[in-house]
Amino acid sequence: MLNPRLAHRYAKALLDIAVEKGQLDQVFADIQWLQAVCKSNSDFVSLLRSPIIKADKKQKIVEAVAKGNIGEITSGFIRLLISKARESHLPEMVTEFISLYKRHNNINTVKLTTAVAISEATKNGIIAQVKKAAGVEKVELEETVNPDIIGGFVLEMGDKMVDASIAYDLREVAKQFKNNDFIYKVR
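Note that this is a predicted model, so its numbers are computed, not measured. (Residues numbered from 1 in each chain as written. Predicted model: local features only at pLDDT ≥ 70, side-chain atom pairs only at ≥ 80, totals over all residues. Heavy atoms only, no water.)

Before going further, it helps to spend a moment on the overall build of the chain. When helices and strands are tallied, the chain shows eight helices and four strands. When its helices and strands are written in sequence order, the chain yields α-α-α-α-α-α-β-α-β-β-β-α. For 187 residues, the compact-globule estimate of 2.2 N^0.38 gives 16 Å, and the C-alpha radius of gyration of the chain, at 22 Å, exceeds that figure by more than 25%. Taking the principal axes of the C-alpha coordinates as reference, the chain spans close to 80 × 40 × 30 Å. A buried classification covers 34% of the 187 residues belonging to the chain. The long-range share in the chain, meaning contacts at least 24 apart out of those at least 6 apart in sequence, stands at 65%. Total accessible area computed for the chain in this model is approximately 12400 Å², and 55% of it derives from carbon and sulfur atoms. For the chain, the distance from the average position of its 27 positive side-chain charges to the average position of its 23 negative side-chain charges is 5 Å. (Helix = DSSP H or I, 4+ residues; strand = E, 2+ residues; numbered from the N terminus. Rg over C-alpha atoms; globule rule 2.2 N^0.38 Å. Buried < 20%, exposed > 50% of the residue type's maximum accessible area, 1.4 Å probe, protein only. Contact = heavy atoms within 4.5 Å. Areas by Shrake-Rupley, 256 points an atom, 1.4 Å probe, with all protein chains shown as cover. Lys, Arg positive; Asp, Glu negative; His and termini not counted. Charge placed at Lys NZ, Arg CZ, Asp CG, Glu CD.)

This brings us to the layout of surface pockets. Roughly 310 Å³ of internal volume is contained in the largest pocket. Every residue lining the largest pocket is listed: I98, S99, K102, R103, I107, N108, T109, K111, E142, E156, M157 and G158. For the lining of the largest pocket, the elements supplying multiple residues, two or more each, are α6 (90–104), β1 (107–114) and β3 (152–157). By residue class, the composition of the lining of the largest pocket is three nonpolar, four polar and five charged. Of the volumes computed, that of the second largest pocket is approximately 210 Å³. What lines the second largest pocket is simply V110, Q129, V130, A133, A134, L155, E156, M157, K160, M161 and V162. At the level of elements, α7 (120–134), β3 and β4 (160–165) are the ones that each hand at least two residues to the lining of the second largest pocket. Considering every element that reaches the lining of the second largest pocket, the biggest residue donor is α7, with four residues. Of the residues that constitute the lining of the second largest pocket, the class distribution is eight nonpolar, one polar and two charged. (1 Å grid on protein atoms, 1.4 Å probe; cavity = no way out; pocket = protein on both sides within 12 Å on 5 of 7 lines; lining within 4 Å. Points joined across faces, edges and corners; volume = space filled by probe spheres on them. Nonpolar A, V, L, I, M, F, W, Y, C, P; charged D, E, K, R; others polar.)

When two helices pack together, their arrangement is captured by the angle between the axes and the distance separating the axes. Running from amino to carboxyl end, helix α1 (residues 4–21) crosses helix α5 (residues 72–83) at an angle of 150°, the nearest separation of the two axes being 11 Å. One way to sum up the angle between α1 and α5 is to call them roughly antiparallel. The handedness of the crossing between α1 and α5 comes out as right-handed. Residues Y10, L14, I17 and K21 of α1 pack against I73, F77, L80 and L81 of α5. Residue classes in the contact of α1 with α5 are distributed as seven nonpolar, no polar and one charged. (Axes fitted to C-alpha atoms, helices over the stretch in contact; angles between N-to-C directions. Parallel < 35°, antiparallel > 145°, perpendicular 65-115°, else oblique. Left-handed = near helix turned anticlockwise from the far one by under 90°.)

Attention shifts here to helix α3 (residues 42–49). All buried positions along α3 are accounted for by F44, V45, L47 and L48. Angular distribution of buried residues about the axis of α3 spans 155°; they occupy a single face of the element. Facing away from the buried surface of α3 by more than 90 degrees, the exposed residues are S42 and D43. Buried residues along α3 sit against α2 (24–40), α4 (55–66) and α6. (Arc of directions from axis to C-beta.)

This part covers the sheet that holds strand β2 (residues 138–145). Here four strands make up an open sheet; going across it, the order is β2-β1-β3-β4 and the pairing mixed. Each end of this open sheet is capped by a strand with a single partner; those strands are β2 and β4. When the angles between neighbouring strand axes are averaged without regard to direction, this sheet yields 15°. Sheet analysis places β1 next to β2, joined by eight bridges and oriented parallel. Directly across from T114, in β2, lies its bridge partner V145. Across the sheet, helix α8 (residues 166–178) lies against β3 and β4, angled at about 80° from β4, the strand it touches most. (Pairing = 2+ DSSP bridges.)

Next up, the structure:
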């Protein structure tokens, strides 16, 4: 069961400890590794969420999986979660930590959807335009290829979206035909 308030509280505590100890980048790398594990291995997430498996067994399994891949702060954090029976919320906490880290470092995430893969030069040009238009310094580009948009691009940053896709233009033309905007109404 998702609990965003709980995830935020624990992620914020981990961020504060990492900043205090001066190991924020190390903890961020650990959290990215954990997120990759959670996304690629549903059995690991099932293990964390299982009420049948005892806490000591979960602790041993998690230590075996993470050995050599995460630092002491992150390892201690996971031990705390397991001792407090909060390990089932680890995937949400990981996602929230990444969000808090980006906010802490003023990193803006921009989602770009195109019909085909684009070149590095085009990506760099888009990043430069976003920085200039939004007045931000750090931009992280998440790109997706979706052939359904036919051509053009869809750009999302925060709550703003620019839909310059051919699919959007075709939908708008279809609306105009559906509304008969091209036929004068006499009366």
